[in-house]
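Coordinate inspection notes
Letter by letter, the chains look like this.
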Amino acid sequence: MKINGCTSLFGIIGNPVAHSLSPVMHNAALAALGYNGVYLPMQVENLLDGVQGLRALGFIGVSVTVPHKEKIIPLIDELDSTANRIGAVNTLLFRRENGAEKTVIRGFNTDWLGSNMALGITGNMNLKGSRVLVLGAGGAARGVCFGLVKAGAEVIITNRSEEKGQALADWLGCEFTMAHELAHIRADALINTTSVGMEPEIDMIPIDPSLLANFSVVMDIVYAPLETRLLKEAKQAGCRTVDGLAMLLFQAAAQLEIWINKQPPIEVMRQALLDNLVRN
Ligand code: ATR
């Protein structure tokens, strides 16, 4: 890619960002589309300074990751209605209208879209009317469950800490169940949003493997390793599996559409992720 005086600026802010796979994925996409743009990793500690810097430097689109997704809300000008409801922003769009004095920053959330698309496209699921068990109740679970409810799925949440799980269930008006009751649950899909099974603890599994046959589709948001123990056992139990790269991929594809209004090159983006995982 040739950077010149007209190159558009994109990037990701977080702390840390060194591990992020977003730069390889987005730069591969921009190159494949022949778009004159570059996507940069930016470690930001002071968020207010960071946002002012991005605005002043003429960025077009920026991803927001941990720990800034919630704290950025009061620092931007406009909030998309779903980002507002979820209470977290993972995407910024900078817009300068002709003649306007100031660039307007609008915040979106594409995490929930990413998990819905991963289930729908990779998992071949029709979410409307489906029944889904979600493991975990942290930040990731919030986006995943929001997306499921929005798509018309019936969601059951289970979590190690009951209080947190119940609070998420109450927020969305869905069911909470305790771990010891999971044996009675049959559902179209199971989604792990916890970090259980992530490197280096690759032998860990977030649910009793003997229960996996109760689900048609099993999705993990952990992508290191790509085939977690959960996904390995789910395959053996005859489930369709969706790996952790799918959600990462589709939330990024949705970002790119917001920024440049073009159809994202999904296969190119997934290959860039896979190539980078192998190298790590
Ligand atoms: P994230 O933003 O990535 O979702 P988080 O907000 O820290 O991270 O949430 C992590 C989720 O994984 C929580 O639901 C957590 O359970 P608790 O609410 O009980 O803490 C869950 N989790 C993390 N480690 C776990 C483990 N070893 N066993 C079971 N659940 C675990």
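Please refer to the structure placed before this passage.
In this text, all values refer to a predicted model and were calculated from it rather than measured experimentally. Within each chain, residues carry numbers counting from 1 in the order of the written sequence. In view of the model being predicted, local features appear only for residues whose pLDDT reaches at least 70, and side-chain atom pairs are presented and counted only at 80 or more, with totals across whole chains, interfaces and linings using the full set of residues. Note that water and hydrogens are dropped before the side-chain values are worked out from all heavy atoms of the structure.

1. Comments concerning helix α2 (residues 47–57)
Residues of α2 that are buried: Leu47, Gly50, Val51 and Leu54. Taken end-on, α2 shows its buried residues confined to a sector of 95 degrees, consistent with a single buried face. Those residues of α2 that are exposed and aimed more than 90 degrees away from the buried face are Ala56 and Leu57. The inward-facing, buried residues of α2 abut β1 (8–14), β2 (37–43), β3 (61–64), β5 (91–95) and β6 (104–108). Any pair of N or O atoms that falls within 3.5 Å is considered a polar contact. Within protein, one atom must be able to donate a hydrogen and the other to accept it, and sequence-neighbouring residues count only if both atoms are side-chain atoms. Helix and strand labels come from DSSP, where a helix needs a run of H or I of at least four residues and a strand needs a run of E of at least two; each type is numbered from the N terminus. The backbone nitrogen of leucine 48 has a side-chain oxygen 3.2 Å away, supplied by the residue at the start of α2, namely asparagine 46. Among the residues trailing α2, glycine 58 stands out with phi positive, at a value near 80 degrees. Throughout, exposure labels follow a simple rule: accessible area from a 1.4 Å probe, protein chains only, divided by the maximum for the residue type, with under 20% read as buried, over 50% as exposed, and the rest as partly exposed. Note that the arc is computed from the directions linking the helix axis to the C-beta atoms. Whether two residues are in contact is decided by their heavy atoms: any pair within 4.5 Å suffices.

2. Concerning the packing of helix α4 (residues 111–122) against helix α5 (residues 139–150)
Two measures define how a pair of helices packs: the angle their axes make with one another and the distance between the axes. Axis geometry follows a simple rule: fit a line to the C-alpha atoms, using only the stretch in contact for helices, then measure angles between N-to-C directions, giving values from 0 to 180 degrees. Running from N to C, α4 and α5 point in directions that differ by 65 degrees, and their axes come no closer than 7 Å. By crossing handedness, the relation of α4 to α5 is classed as right-handed. In this structure, α4 contributes Trp112, Ser115, Asn116 and Leu119 to the contact, and α5 contributes Gly143, Val144, Phe146, Gly147, Leu148 and Lys150. Each crossing gets its handedness from the near helix: less than a right angle anticlockwise from the far helix is left-handed, clockwise is right-handed.

3. A closer look at the nonpolar core
Core analysis: the largest hydrophobic core is formed by 51 residues, its most contacted members being Leu119, Val132, Leu148 and Ile157. With eleven residues, the top contributor of residues to this core is helix α8 (residues 244–260). For this analysis, a nonpolar core means a set of buried residues of the types Ala, Val, Leu, Ile, Met, Phe, Trp, Tyr and Cys, connected via side-chain atoms within 4.5 Å.

4. Considering the pairing of strand β10 (residues 187–192)
Most of β10 is tucked away: five of the six residues are buried. Here, a strand pair is defined by DSSP locating no fewer than two bridges between the strands. In the sheet, β10 pairs with strand β11 (residues 215–220) via five bridges, with the strands oriented parallel. Looking at the pairing, isoleucine 191 lines up with methionine 219 of β11.

5. Focus: unusual backbone geometry
In this model, valine 66 is joined to proline 67 through a cis peptide bond whose omega is 10 degrees. Within the secondary structure layout, proline 67 lies in the loop between β3 and β4 (78–79). The linkage connecting alanine 224 with the following residue, proline 225, adopts the cis geometry, with an omega of 5 degrees. Mapped onto the secondary structure, proline 225 falls in the loop between β11 and α7 (229–236). Within the chain, asparagine 124 stands out as a residue other than glycine whose phi angle is a positive 55 degrees. Look at asparagine 124 and you get exposed, because its relative accessible area is 59%.

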